[in-house]
Amino acid sequence: MNVAVIGSGGREHAICFQLQRSKEIKKLFCIPGNAGTKTICENIDIDYLNFDLLYSFLQENNVNTVIVGPEIPLVAGIVDFLSEKNIYAFGPSKKASQLEGSKAFMKKLCKDFNIPTAKYEEFDNFEKAKSFIEENQHPLVIKSDGLAAGKGVTISSSIEESLKCAKEILDGKFKSSKKFIIEEFLEGEEASYFIITDGDHYIPIGTAQDHKRIGEGDTGPNTGGMGAYSPSLIIDENIEKKIQTKIIEPTLKGLNKIGCKFTGILYAGLMISNGEPKLIEYNIRFGDPECQVLMMRLKTDLLTLVNAVKKNKIHEMNIIWNEKPCITVVAAAKGYPDKYNTLTEIKNIEKIKTNDHEQLFHAGTILKDNKILANGGRVLNATCLGKTLEEAKNKANAMLDAIDWQDMYYRKDIGWRAFKKN
Ligand code: AMP
Ligand code: GLY
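On a predicted model such as this, the values are computed, not experimentally measured, just so you know.

K.L.:
Explain the nonpolar core here, please?
P.N.:
Side chains that are nonpolar tend, in soluble globular proteins, to be buried together. Core analysis: the largest hydrophobic core is formed by 49 residues, its most contacted members being I31, L58, V66, L99, I248, L279 and Y282. At six residues, helix α9 (residues 237-257) tops the list of elements feeding residues into this core. In this structure, L279 is in contact with M106, C110, I115, P116, T117, A118, I247, A268, G269 and L270, ignoring residues within four places of it in sequence. Grouped together as the second largest cluster of nonpolar side chains are 41 residues, C16, L19, F194 and L298 included.

Written out as structure tokens, the structure reads:
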């Protein structure tokens with residue numbers, strides 16, 4: 001079987017790393033991939049949002065299964081398009097992708113099916129938003145309705161900041177939508193919970209803790225994620241049961257009821273406080289960098305799970321995990337998430353020793369004239385299993401220290417909340 005993975009980040013490198021062990025795969029492509037995926041599969045440099053072009057390639061190369069990494073092609077309807085052409089694409093339909101593509105859609109689903117989440121109101125008008133902002137206590141959380149590459153959420157501590165933020169969204173700061181929601185600020189600790197579902201059944205596919213802020217001690221602006229570890233230490237059996245019965249199951253049932261059956265990976269971003277989980281957001285795909293730690297720990301062949309979804313039999317699967325904890329530390333270009341340089345050279349990568357327990361996933365890299373160049377904000381992910389989380393972290397940090405890249409920044413404290421607990 002020939003398989004193609006869509007995307008070019010660390011998440012997709014990790015997915016390819018997992019899939020390359022599959023005995024069922026004859027040829028593995030990554031579209032477009034990066035300098036890391038190039039070492040384990042064939043990169044194909046085409047614009048995957050040009051669905052016709054993508055289809056021509058898939059057809060000519062007998063690709064019959066496509067695994068979609070990022071949310072943008074899913075929200076744009078890649079799964080519907082390929083399914084009509086008889087190519088199996090793993091991921092949700094365009095309609096079901098609204099769960100991530102529209103905060104208003106996701107919040108309404110929560111309201112209609114009684115799923116615990118922050119209280120909210122939806123707005124498309126300044127005067128109404130102004131009254132709401134003036135009448136409610138801060139902090140308030142203001143979220144652009146549509147996709148915003150992790151930049152659509154503002155936690156505002158003053159009326160002035162909230163009004164400014166509302167005005168910017170209404171003036172078209174985000175191309176995807178001029179609507180927004182304002183919701184209550186939730187206290188607690190965040191965790192990521194993943195399931196794989198065929199729409200009728202589901203099984204859990206791991207837990208993780210992301211680190212969204214750029215600075216050590218979780219300070220500074222939000223990023224796409226500066227590091228993660230798995231499993232999450234705050235999701236115990238009792239909390240997991242609540243996540244399943246109060247959040248996941250009503251979501252899948254609710255989506256079926258409104259004609260939006262969801263298949264693929266569903267990622268619940270949760271806030272946990274006093275043993276009670278509340279939904280912050282849904283993503284319709286693996287998290288990045290959470291996927292990197294999940295793929296290192298996943299012993300079951302990912303393709304077998306994908307095929308079980310295809311056959312509507314995911315509940316018959318039993319996932320086997322490496323019991324060791326895993327951590328990934330993201331190396332970013334200095335200045336990220338604001339302005340940063342690109343096309344800086346990264347040296348010494350070839351000297352990094354990698355194996356099934358230690359991987360250096362590439363996120364934003366390209367290969368040019370035999371040199372590895374950084375070409376994104378988040379660039380490398382040192383991902384290590386360890387006997388303990390602390391050992392895993394030390395290995396990951398040491399891996400990054402061995403790389404010669406003048407422009408590198410990474411957080412040395414990934415996992416700090418877990419270490420504080422021990
Ligand atoms: P989202 O894109 O909705 O996941 O939001 C990005 C980040 O903003 C989350 O990971 C949280 O750290 C924070 N956040 C979002 N909504 C809330 C909320 N209602 N209360 C507290 N923090 C939030
Ligand atoms: N790490 C957060 C995300 O993938 O959305």
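Having seen the structure, we can now continue with the description.
K.L.:
Sorry, what's going on with the site of ligand 1 here?
P.N.:
Neighbouring ligand 1 are 16 residues, the closest being E183, E184, L186, E190 and E281. Side-chain polar atom of K143 to a nitrogen atom of ligand 1: 3.0 Å apart, as the coordinates give it. Its free accessible area being 470 Å², ligand 1 has 91% of it covered by the protein chains. Elements that contribute at least two residues to the shell around ligand 1 include exactly β7 (140-144), β8 (153-156), β9 (180-184) and β16 (276-283). Among the residues making up the shell around ligand 1, the classes are represented as eight nonpolar, one polar and seven charged.

K.L.:
Looking at this structure, I do not really get the packing of helix α1 (residues 10-19) against helix α10 (residues 290-297). What am I missing?
P.N.:
Packed helices, taken two at a time, are described by the angle their axes make and the gap between the axes. With their axes 8 Å apart at the nearest point, α1 and α10 run at an angle of 10° to one another. It follows from the interaxial angle that α1 and α10 lie roughly parallel. Each of G10, R11, A14, I15, F17 and Q18 in α1 lies in contact with α10, whose residues at this interface are C291, Q292, M295 and M296. When the residues that make up the contact of α1 with α10 are grouped by side-chain class, the tally is six nonpolar, three polar and one charged.

K.L.:
What's the story with the sheet that holds strand β20 (residues 365-368) in this structure? I'm lost.
P.N.:
Strand pairing in a sheet relies on backbone hydrogen bonds. The paired strands run either parallel or antiparallel. Read across the sheet, three strands follow the order β18-β21-β20 without closing on themselves; strand pairing throughout is antiparallel. Of all the strands in the sheet, the pair left with one neighbour each is β18 (345-346) and β20. Here four bridges tie β20 to strand β21 (residues 371-374), and the two strands are oriented antiparallel to one another. From the neighbouring strand, T365 faces β21, where its bridge partner is A374.

K.L.:
Quick question: what am I supposed to make of the pattern of salt bridges here?
P.N.:
Opposite charge on two side chains lets them pair, provided their charged atoms get close. In total, this model carries 23 salt bridges according to the counting rule given. The salt bridge partner of K130 is E134, with a shortest N-O separation of 3.4 Å. On the criterion of helical spacing, the pair formed by K130 and E134 is a turn pair, its members being four residues apart in helix α7 (residues 126-135). Given the relative accessible area of 29%, K130 is considered partly exposed.

K.L.:
How do you make sense of the site of ligand 2 when you look at a structure like this?
P.N.:
Surveying the vicinity of ligand 2 reveals the residues D210, K212, G224, Y267, N283, R285, G287, D288, P289 and E290. Here a nitrogen atom of ligand 2 and a backbone polar atom of G224 are 3.1 Å apart. D288 is positioned with one of its backbone polar atoms (N or O) 2.9 Å from an oxygen atom of ligand 2. Here ligand 2 has 200 Å² of accessible area as a free molecule, and 89% of this is covered by the chains. Its residues assigned to classes, the shell around ligand 2 shows two nonpolar, three polar and five charged.

Cut-off values and rules
Residues numbered from 1 in each chain as written. Chains lettered and ligands numbered in written order. Predicted model: local features only at pLDDT ≥ 70, side-chain atom pairs only at ≥ 80, totals over all residues. Heavy atoms only, no water. Core = buried A, V, L, I, M, F, W, Y, C linked by side-chain atoms within 4.5 Å. Buried < 20%, exposed > 50% of the residue type's maximum accessible area, 1.4 Å probe, protein only. Helix = DSSP H or I, 4+ residues; strand = E, 2+ residues; numbered from the N terminus. Contact = heavy atoms within 4.5 Å. Near = heavy atom within 4 Å. Polar contact = N/O pair within 3.5 Å; in protein donor to acceptor, adjacent residues only side chain to side chain. Areas by Shrake-Rupley, 256 points an atom, 1.4 Å probe, with all protein chains shown as cover. Nonpolar A, V, L, I, M, F, W, Y, C, P; charged D, E, K, R; others polar. Axes fitted to C-alpha atoms, helices over the stretch in contact; angles between N-to-C directions. Parallel < 35°, antiparallel > 145°, perpendicular 65-115°, else oblique. Pairing = 2+ DSSP bridges. Salt bridge = Lys/Arg side-chain N within 4 Å of Asp/Glu carboxyl O.

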